[in-house]
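Survey of secondary and tertiary structure
Residues per chain are reported as follows:
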Amino acid sequence: PGKRGTDIAGACRFLSNVLTRRSIVFVVSDFMGDSFEFPLATLAKRHDVTALIVSDPADGELPEGGLVSVIDPETGEPFLLDCSDPTIRAAYRAEAQRLITHRSSLLRRLGVASVELTTNKPFMNEIKRYFDRKAVARRRIIGRGNRSGG
């Protein structure tokens, strides 16, 4: 109540406390928040965690729209942003890409598999591809275990 956004850390802490047996966990988010690294790492140590990353391609591009009033997320102060300035738009695009790269490397480092889902495409194709890749990997592991040494 009173708080907006997704509390990934809280969800991971909750699941870590209530799941007593190794489980398969899907976390659906844009993973653009902060302070979820340790709770997600803790959850991923005991469970098979997959991040379903939901994004909108428009989030990576600042639309050309002249002056727009925005709120500074750190100070809460409003200011005018000139969206027609190519330098500002390029800086926005670069920062969006930096955040995506950081998120990907963080999830990889934590051992969390990920599936990218975008709002402009049907998501079932990506999820099916993910499960197909997991099935192939599982067959390879099982195939190695069935080889007789000798």
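Data block above holds the structure.
Residues numbered from 1 in each chain as written. Predicted model: local features only at pLDDT ≥ 70, side-chain atom pairs only at ≥ 80, totals over all residues. Heavy atoms only, no water.

1. Here's the deal with the packing of aromatic side chains
Taken as a whole, this structure holds 3 aromatic pairs when the rule is applied. Ring plane angle 70° and centroid distance 5.8 Å describe the contact between F31 and F36, whose orientation is recorded as edge-to-face. Owing to a relative accessible area of 3%, F31 belongs among the buried residues under this scheme. Take F36: its relative accessible area is 4%, and that puts it in the buried class. Members of the aromatic cluster, each reached through a chain of ring pairs, are F26, Y130 and F131. (Phe/Tyr/Trp six-rings, centres within 6.5 Å; stacked < 30°, edge-to-face > 60°. Buried < 20%, exposed > 50% of the residue type's maximum accessible area, 1.4 Å probe, protein only.)

2. Some words on the layout of surface pockets
If you add up the space inside the largest pocket, you get close to 470 Å³. If you trace the largest pocket, you find 19 residues lining it, with M32, D59, G60, A96 and I100 closest to the centre. Elements supplying a minimum of two residues to the lining of the largest pocket: β2 (48-55), α3 (86-110) and β5 (113-118). Residue contributions to the lining of the largest pocket peak at 8 residues, all from α3. (1 Å grid on protein atoms, 1.4 Å probe; cavity = no way out; pocket = protein on both sides within 12 Å on 5 of 7 lines; lining within 4 Å. Points joined across faces, edges and corners; volume = space filled by probe spheres on them. Helix = DSSP H or I, 4+ residues; strand = E, 2+ residues; numbered from the N terminus.)

Scope: geometric values only; no functional claims are made or implied.
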